[in-house]
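# Descriptive structure summary
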Amino acid sequence: VGGFVPPSRTNTPSYPNSSITQHQVLSAAMQERNMHEASWDSKFERYACRVDQSQEDRSVEIPIFSMARPHMRGFHYAWMTFFFAFLAWFAITPLLAEVQKSLELTKAQIWTSNIASVAGAVVTRCMAGLFCDVYGARWMSAAVLLIC
């Protein structure tokens, strides 16, 4: 009598009226603390945002105003690339009437330019796909941003 008996890790709740054990609380705290830690095979030691190591260090949050590497910088460059591609693809349509007047183009010339634009886009996307396979999407995306 009078000896200390430690509570069981699996059966005894640590908090009154709760089924959460002390082991579960410590496990959750350890997991939360390691959320910024990189996997052993990563070139980074820590990340600015929380990551899931079981999914190849994918981010589990989106700190929208951060430009920290690699997750948020990649996120922001991806939406900027999409925006520039969207702008380049659809920019001429609202200005087509003015371009037609200033360059004195006929309807046939405008249709020819539209066909050439679509054909050029097909060829460019095929080449971009090949370059993505060889050099990676990151370098191809950077090249597109520099060219535009």
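Let us look at the structure shown here. Everything numeric here is computed off the predicted structure, so don't read it as measured data.

Quick notes on the rules
Residues numbered from 1 in each chain as written. Predicted model: local features only at pLDDT ≥ 70, side-chain atom pairs only at ≥ 80, totals over all residues. Heavy atoms only, no water. Helix = DSSP H or I, 4+ residues; strand = E, 2+ residues; numbered from the N terminus. Contact = heavy atoms within 4.5 Å. Areas by Shrake-Rupley, 256 points an atom, 1.4 Å probe, with all protein chains shown as cover. Patch = residues over 30% accessible without salt bridge, like charges linked within 9 Å, V, L, I, M, F, W, Y side chains within 5 Å. Salt bridge = Lys/Arg side-chain N within 4 Å of Asp/Glu carboxyl O. Lys, Arg positive; Asp, Glu negative; His and termini not counted. Charge placed at Lys NZ, Arg CZ, Asp CG, Glu CD. Buried < 20%, exposed > 50% of the residue type's maximum accessible area, 1.4 Å probe, protein only. Phe/Tyr/Trp six-rings, centres within 6.5 Å; stacked < 30°, edge-to-face > 60°.

## As for the overall build of the protein chain
Along the backbone of the protein chain there are 5 helices and 2 strands. Starting at the N terminus, the α and β elements of the protein chain follow one another as α-β-β-α-α-α-α. In the protein chain, the share of contacts with a sequence separation of at least 24, taken over all contacts with a separation of at least 6, comes to 13%. A total accessible area of about 12300 Å² is found for the protein chain, and carbon and sulfur atoms account for 64% of it.

## Concerning a positive patch on the surface
Taken together, the side chains of Lys43, Arg69, Arg73 and Arg138 define a basic patch exposed on the protein surface. Residue position: Arg73 is located in helix α2 (residues 71-90). For Arg73, a relative accessible area of 31% corresponds to the partly exposed category.

## Quick word on the side chain of Ser39
The topology assignment puts Ser39 in the loop between α1 (22-33) and β1 (51-52). On the basis of relative accessibility, which here comes to 15%, the residue Ser39 falls in the buried class. Excluding residues within four positions of it along the chain, Ser39 makes contact with Gln53 and Asp57.

## Remarks on the side chain of His71
Its place among the elements puts His71 in helix α2. The exposure class of His71 is buried, given its relative accessible area of 18%. Every residue in contact with His71, bar those within four places of it in the chain, is listed here: Tyr47, Cys49, Val51, Asp57, Arg58 and Ser59.

## As for the packing of aromatic side chains
Applying the stated rule across the entire model yields 5 aromatic pairs. A ring pair is formed by Phe44 and Tyr47, whose centres lie 5.7 Å apart and whose planes are at 50°; its orientation type is tilted. Feature note: the residues Phe82, Phe86 and Phe90 constitute an aromatic cluster, connected by ring pairs.

## Side note on the environment of Glu104
Checked against the element boundaries, Glu104 lands in the loop between α3 (92-103) and α4 (107-135). What Glu104 contacts, discounting residues up to four positions off in sequence, is Val99 and Gln109.

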